[in-house]
Amino acid sequence: MNEPQTVEHGVVVSLEYTLQVDDEVVETTEEDGPIEFLQGYEEIIPGLERAIYGMRVGQEKEVTVEPSEGYGEYDGEAFEEVPLDIFPDDMDLELGMPVELYDEDTDETVEGYIAEIRTDTVVVDLNHPLAGETLRFRVKVVGMRSATDEELAHGHAHGHDMDEDL
Ligand code: ZN
């Protein structure tokens, strides 16, 4: 079986990266090691996925990703005001704290973070923390392999924990 030589659709890629926003490092694989994902299946943000097509193992690249290709534009409407008493009594609510809200209508859990604590309610910002930010990645392809049939069927790589934020 021929192993892939360049990053292409349906290849499992191992990638090291450092993500900077406004010259500040906000994420890096330095400690936990590279992420592994199935290229072309939207496991990572679109702007980064697009930029690494054709890269070879060992190759490094700087990639700038605009919000529309990253975590989206900041949506000033994407707030939810919820009753304070839906949170457990012993939970110390703080500004910026990540929370999960269950939406009965859609039967889905949405993630957000606390933007404001009022007398009887909490305002949750549903924007991704990096929404509206221009992302500067330094990436290095450290490995690649053919995907298994199962991985292609599932649409994601197996065998490594995936950072769902990327
Ligand atoms: Zn799977």
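Residues numbered from 1 in each chain as written. Predicted model: local features only at pLDDT ≥ 70, side-chain atom pairs only at ≥ 80, totals over all residues. Heavy atoms only, no water.

S.K.: Would you take a moment to explain the environment of Glu150 for this structure?
M.R.: With respect to the helices and strands, the residue Glu150 is situated in helix H2 (residues 149-154). The class for Glu150 is partly exposed, based on a relative accessible area of 46%. Here the side chain of Glu150 touches His158 through a polar contact of 3.5 Å, side chain to side chain. (Helix = DSSP H or I, 4+ residues; strand = E, 2+ residues; numbered from the N terminus. Buried < 20%, exposed > 50% of the residue type's maximum accessible area, 1.4 Å probe, protein only. Polar contact = N/O pair within 3.5 Å; in protein donor to acceptor, adjacent residues only side chain to side chain.)

S.K.: What's the story with the coordination of the zinc ion in this structure? I'm lost.
M.R.: Metal coordination angles have textbook ideals: 109.5 degrees for a tetrahedral set of four donors and 90 or 180 degrees for an octahedral set of six. Coordination of the zinc ion by the protein is provided by His154 (ND1), His156 (NE2) and His158 (NE2), with metal-donor distances spanning 1.9 to 2.1 Å. Classification of His154 as partly exposed rests on a relative accessible area of 45%. When its relative accessible area of 31% is taken as the criterion, His156 is described as partly exposed. (Donors = N, O, S within 2.8 Å, 3.2 Å for Na, K, Ca; no water.)

S.K.: Hey, could you run me through the nonpolar core in this one?
M.R.: The tendency in soluble globular proteins is for nonpolar side chains to be buried as a group. Counting residues in hydrophobic clusters, the biggest one holds 24 residues, and the most contacted among them are Leu15, Leu48, Ile52, Leu135, Phe137 and Val139. Among the secondary structure elements, those contributing two or more residues to this core are strand E1 (11-21), strand E3 (35-38), helix H1 (46-51), strand E4 (60-65) and strand E9 (135-146). The leading source of residues in this core is E1, at six residues. Counting residues in hydrophobic clusters, the runner-up holds seven residues, among them Val82, Phe87, Val99 and Val122. (Core = buried A, V, L, I, M, F, W, Y, C linked by side-chain atoms within 4.5 Å.)

S.K.: What is the right way to read the side chain of Thr121 from this model?
M.R.: Note that Thr121 resides in strand E8 (residues 121-125). Within the structure, the side chain of Thr121 is placed 2.7 Å from the side chain of Glu81, a separation counted as a polar contact. Setting aside anything within four residues of it in sequence, one finds Thr121 in contact with Glu81, Val82, Pro83 and Leu84. (Contact = heavy atoms within 4.5 Å.)

So, to be careful, I would describe these as geometric facts and stop short of saying anything about function.
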